[in-house]
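Listed here are the chains, written in short residue letters.
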Amino acid sequence: MSEYVPTIIGAIAGDVIGAPYEWNRIKTTDFPLFSAESDFTDDTVLTIAVADSILSGKDFAATLRDYGRRYPNRGYGGFFRHWLHSDNPRPYGSFGNGSAMRASPAGFAASTLEEALQLAKRSAEVTHNHPEGIKGAQATAAAIYLARTGCTKQEIRDYVTRTFGYDLDFTLDEIRPTYRFNETCQQTVPQAVVAFLESTDYESAIRLAISLGGDSDTLACITGGIAAAYYKEIPEAIVQNTLSLLPEEFREVIRRFDEKYATPPAAG
C-alpha cells in the first residue's frame with residue numbers, strides 16, 4: 001500500500017487502459033488491462049494540466065494551452081485543436097465530454113463541495129462554456145468530492161440526479177447492446193457514473209465503463225476518478241503500469257498533487 005490513497009492517477013489509469021478500445025470498441029468486461037497499444041491520450045494531458053493549474057494557481061486556459069501544444073497528436077477534438085493554436089482563444093460553446101474528462105483534480109483538491117463545483121466550472125468554461133459542458137465537469141467533480149468524503153453510493157446517485165438532472169435510472173446491461181460512441185457530456189457522464197455505481201472495486205469500475213463500447217478512454221477516465229475516490233485503493237500493478245507510460249513531468253505533477261491533496265489512509 002502507498003503512503004497516500006490515490007487521487008488523479010485513478011482517472012489517468014482509466015484513460016490509459018481505455019485508450020486501445022476507443023476505436024476498437026468492445027462489449028465485454030473480459031479484456032487485457034494493458035497491451036502494446038496502451039498509452040495516454042488527451043484525457044491525461046489535460047487532467048495533468050488542470051492539476052498543475054490548481055497546484056500553482058496558474059490560469060486554466062494558459063496551462064491547458066501550454067500542455068496541449070507540448071503534447072500534440074493525443075486525440076484532441078477539432079474545436080479544441082483550433083483553440084490551442086488560435087491567436088485569440090475564446091470559449092467555443094462546447095458540450096463535449098472533454099470538460100468532464102479533465103475535471104477530476106477539482107474534486108480531489110476541493111475542501112468543500114461548493115469549491116469543487118467552482119473549480120470544475122472554471123476549468124471547463126475556458127473552452128466548454130455551454131451549460132451542458134459545465135454541468136458535465138461539475139457532476140464529475142462533485143461525485144469525486146462526495147466519494148472521497150465518505151458519502152454512500154446512494155447519496156452520490158441522489159445528489160447527481162437531483163442537482164444536475166441526469167437520469168441514472170438504468171443499468172449497463174440494459175443500455176450496452178445499443179449504446180454507441182458519443183462524445184457529449186450528456187451521453188457520457190451519466191453512463192460513467194453508473195459504471196462506478198455498479199462496480200465492486202476500482203478494476204471492475206474500469207472494466208464496466210469500457211464494456212459499453214463507447215468513448216472508452218473518456219468513460220474510463222471519468223469512472224476511474226470517482227472509483228479511486230470511493231474505494232481509496234487501486235491495484236499496485238495498475239498504478240505502476242500506468243506511471244511507466246507517462247512522461248516524468250506528469251509523474252511529478254501527480255506526486256506533488258498527492259502530497260498536497262491526498263488523504264492519508266486510516267489507521268487500522
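What you are looking at is a predicted structure, and each value in this text was computed from that prediction instead of being measured.

**Focus on the overall build of the protein**
Then, number 1: Helix and strand counts for the protein come out as 15 helices and zero strands.
Then, number 2: Here the C-alpha atoms of the protein give a radius of gyration of 16 Å, agreeing with the 18 Å that 2.2 N^0.38 yields for 268 residues.
Then, number 3: Reported as C-alpha extents along the three principal axes, the dimensions of the protein are approximately 45 × 45 × 40 Å.
Then, number 4: Evaluated residue by residue, the protein yields a buried proportion of 59% over its 268 residues.
Then, number 5: Here the contacts in the protein between residues at least 6 apart in sequence split such that 76% fall between residues at least 24 apart.
Then, number 6: For the protein, the accessible surface area stands at approximately 11,000 Å², while carbon and sulfur atoms represent 50% of it.

**Description of the pattern of salt bridges**
Note on pairing: side chains with opposite charge can pair once their charged atoms come close.
Then, number 1: All chains considered together, the criterion is met by eleven salt bridges.
Then, number 2: Between Arg251 and Glu248 there is a salt bridge; the shortest N-O distance is 2.6 Å. Taken as a pair, Arg251 and Glu248 lie in helix α15 (residues 248–261) at a separation of three residues, close to a single helical turn.
Then, number 3: The partner of Glu259 in a salt bridge is Arg255, with the nearest N and O atoms 2.6 Å apart. Placement of the pair is Glu259 and Arg255 together in helix α15, with a separation of four residues, close to one helical turn.
Then, number 4: On the basis of relative accessible area, Glu259 is assigned to the partly exposed category, the value being 47%.
Then, number 5: The exposure class of Arg255 is partly exposed, given its relative accessible area of 37%.

**Brief notes about the packing of aromatic side chains**
Then, number 1: Scanning the entire structure with this criterion turns up 15 aromatic pairs.
Then, number 2: Considering the side-chain rings of Tyr71 and Phe250, the 4.8 Å spacing of their centres and the 55 degrees angle between planes classify their relative orientation as tilted. Taken together, the residues span a long stretch of sequence, with Tyr71 in the loop between α3 (60–70) and α4 (78–84) and Phe250 in helix α15 at a distance of 179 residues.
Then, number 3: For Tyr71, a relative accessible area of 15% puts it in the buried group.
Then, number 4: Given the relative accessible area of 0%, Phe250 is considered buried.
Then, number 5: Ring centres 5.5 Å apart and planes at 20 degrees place the aromatic pair Tyr76 and Phe80 in the stacked group. Across this residue pair, the class does not change: Tyr76 and Phe80 are buried.
Then, number 6: Ring pairing ties together the aromatic residues Phe40, Tyr67, Tyr71 and Phe250, which thus form one cluster.
Then, number 7: Note that Arg74 overlies the ring of Phe40, its terminal NZ or CZ placed 3.8 Å from the centroid.

**Details of the environment of Glu114**
Then, number 1: If you trace the backbone, Glu114 turns up in helix α7 (residues 113–125).
Then, number 2: A relative accessible area of 47% means that Glu114 is categorised as partly exposed.
Then, number 3: Separated by 28 residues in the primary sequence, Glu114 and Ala142 place their C-alpha atoms 8.7 Å from one another.

**Description of the environment of Ile222**
Then, number 1: With respect to the element layout, Ile222 can be found in helix α13 (residues 216–231).
Then, number 2: Spatially, the C-alpha atoms of Ile222 and Ala205 are 10 Å apart, while their sequence positions differ by 17 residues.
Then, number 3: Here Ile222 is in contact with Ala100, Met101, Thr140, Thr188, Val189 and Ala192, once residues within four sequence places are set aside.

**Description of α15**
Then, number 1: The end-to-end C-alpha separation of α15 is 20 Å, in line with the 20 Å expected for 14 residues at 1.5 Å each.
Then, number 2: Among the residues making up α15, those that are buried are Phe250, Val253, Ile254, Phe257, Asp258 and Tyr261. Projected down its long axis, α15 shows its buried positions confined to an angular sector of 130 degrees, all on one face.

Rules used in this analysis
Numbering of residues starts from 1 in every chain and runs along the sequence as written. Where local features are concerned, this predicted model is filtered to residues with pLDDT of at least 70; where side-chain atom pairs are given and counted, the filter is 80 or more; whole-chain, interface and lining totals use all residues. Hydrogens and water are ignored here; the side-chain numbers use all heavy atoms of the structure. What counts as a helix is a DSSP run of H or I of at least four residues, what counts as a strand is a run of E of at least two, and both are numbered from the N terminus. Note on method: radius of gyration uses C-alpha positions; expected globular size equals 2.2 Å times residues raised to 0.38. For every residue, the accessible area (1.4 Å probe, protein chains only) is compared with the maximum for its type, and the residue is labelled buried under 20%, exposed over 50%, or partly exposed between those bounds. Note on contacts: a residue pair is in contact if any heavy atoms of the two residues lie within 4.5 Å. Residue burial considers only the protein chains on display, and all accessible areas are found by Shrake-Rupley using a 1.4 Å probe. Salt bridges are defined as contacts in which a side-chain nitrogen from Lys or Arg sits within 4 Å of a carboxyl oxygen from Asp or Glu. In this analysis, rings of Phe, Tyr and Trp, with Trp reduced to its six-membered ring, are considered paired at centre separations within 6.5 Å, and the interplanar angle assigns stacked below 30 degrees, edge-to-face beyond 60, and tilted for intermediate values. We call a charge positioned over a ring when the NZ of a Lys or the CZ of an Arg lies within 6 Å of the ring centre and within 35 degrees of the ring normal. One fewer than the residue count of a helix, multiplied by 1.5 Å, yields its expected span. This arc describes the spread of directions from the helix axis toward the C-beta atoms.

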